[in-house]
Amino acid sequence: MVRDIVTYPAEVLTKPTERVDVIDREVEKLIKDMFDTMYHAEGVGLAANQIGVSLSVMVIDTTPKEDAPDLKLVLINPDVVESEGKVKYKEGCLSFPGLSVEVERASKVRVRALNERGEPFEITLEDFPAIVFQHELDHLQGITFIDRLKGWRRRMALEKYRKLQREAQKV
Ligand SMILES: [Zn+2]
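Here we summarise the structure given alongside this text.

Let's talk about the overall build of the protein chain
So, step 1. Scanning the protein chain from N- to C-terminus turns up three helices and seven strands.
So, step 2. On C-alpha atoms alone, the protein chain measures out to a radius of gyration of 16 Å, which is about the 16 Å that the 2.2 N^0.38 rule sets for 171 residues.
So, step 3. Taking the principal axes of its C-alpha atoms as reference, the protein chain extends roughly 45 × 35 × 35 Å.

Considerations on the pairing of strand β7 (residues 120–126)
Taken residue by residue, a regular strand's side chains alternate between the two faces of the sheet.
So, step 1. In this sheet, β7 lies alongside strand β6 (residues 108–114) in antiparallel orientation, the contact comprising seven bridges. Its bridge partner being in β7, R110 is matched across the sheet by T124.

Details of the pairing of strand β5 (residues 100–105)
So, step 1. Residues V101, V103 and R105 point to one face of β5 and are all buried, whereas S100, E102 and E104, pointing to the other face, are not buried.
So, step 2. Of the pairings in the sheet, the one linking strand β4 (residues 87–92) to β5 comprises six bridges and is antiparallel in character. Within β5, the position partnered with K88 by the bridge is E104.

Some remarks on helix α2 (residues 127–140)
So, step 1. The terminal C-alpha atoms of α2 lie 20 Å apart, and with 14 residues this matches the ideal 20 Å at 1.5 Å per residue to within 8%.
So, step 2. Among the residues of α2, those classed as buried are P129, A130, I131, V132, F133, Q134, H135, E136, L137, H139 and L140.
So, step 3. After α2 finishes, the residue G142 shows a positive phi value of roughly 80°.

Structural notes on the nonpolar core
So, step 1. Residues M34, L46, M58, V59, I60, L75 and F133 are the most contacted members of the largest nonpolar core, which totals 35 residues.
So, step 2. Breaking this core down by element, the ones donating at least two residues are α1 (25–40), β1 (45–47), β2 (57–61), β3 (72–84), β5, β6 and α2.
So, step 3. Considering each element in turn, this core owes the most residues, six residues, to α2.
So, step 4. Those residues within four positions of M34 in sequence are excluded, and the remaining contacts are L46, A48, I51, V57 and V59.

Digging into helix α3 (residues 151–170)
So, step 1. For α3, spanning 20 residues, the distance from its first C-alpha to its last is 29 Å, which sits close to the expected 28 Å at 1.5 Å a residue.
So, step 2. Burial within α3 is sparse, with just one of its 20 residues counted as buried.

Comments concerning the environment of T63
So, step 1. Note that T63 resides in the loop between β2 and β3.
So, step 2. What makes T63 partly exposed here is the crowd of 14 C-beta atoms within 10 Å.
So, step 3. C-alpha separation for the pair T63 and H139, spaced 76 residues apart in sequence, amounts to 21 Å.

The rules behind each value
Residues numbered from 1 in each chain as written. Predicted model: local features only at pLDDT ≥ 70, side-chain atom pairs only at ≥ 80, totals over all residues. Helix = DSSP H or I, 4+ residues; strand = E, 2+ residues; numbered from the N terminus. Rg over C-alpha atoms; globule rule 2.2 N^0.38 Å. Pairing = 2+ DSSP bridges. Buried ≥ 20, exposed ≤ 12 C-beta atoms within 10 Å, placed from the backbone. Expected span 1.5 Å × (residues − 1). Core = buried A, V, L, I, M, F, W, Y, C linked by C-beta atoms within 7 Å. Contact = placed C-beta atoms within 7 Å.

Here it is as structure tokens:
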């Protein structure tokens, strides 16, 4: 089921999410809804609090085409084990419609998480998937991409976002 995406400055986006203890039917349904919502919005990643559920769950699919080899991931209670390198990328965010900002992140991350069956796994992500992962991990920790900007860059981005919101309300 496609759910509504929560947009900034909703409180649920600014609070750390809670860890998942048990993967029950509710969490399974949440994961399914997250994929439905992400594909519907043509996103490449989604954190549970972006649909208003404050749990440490993210989904990623950086190649959402049926014929392409997918990197399709469900990450529950994810943590970074190791990170290296630096990369700058102009990111978008489904919770900031229309806004894109350049953020610096690690270019390679080793990640530990549980999969949708509750089994622990580790994976190394590089380049674009690493960027998407770190963006979603920030969401799970109550951090949005504008919080990665400092001083006037952050103020400018917020100003631009507010302007986009005002324009969207007019139509
Ligand atoms: Zn986002």
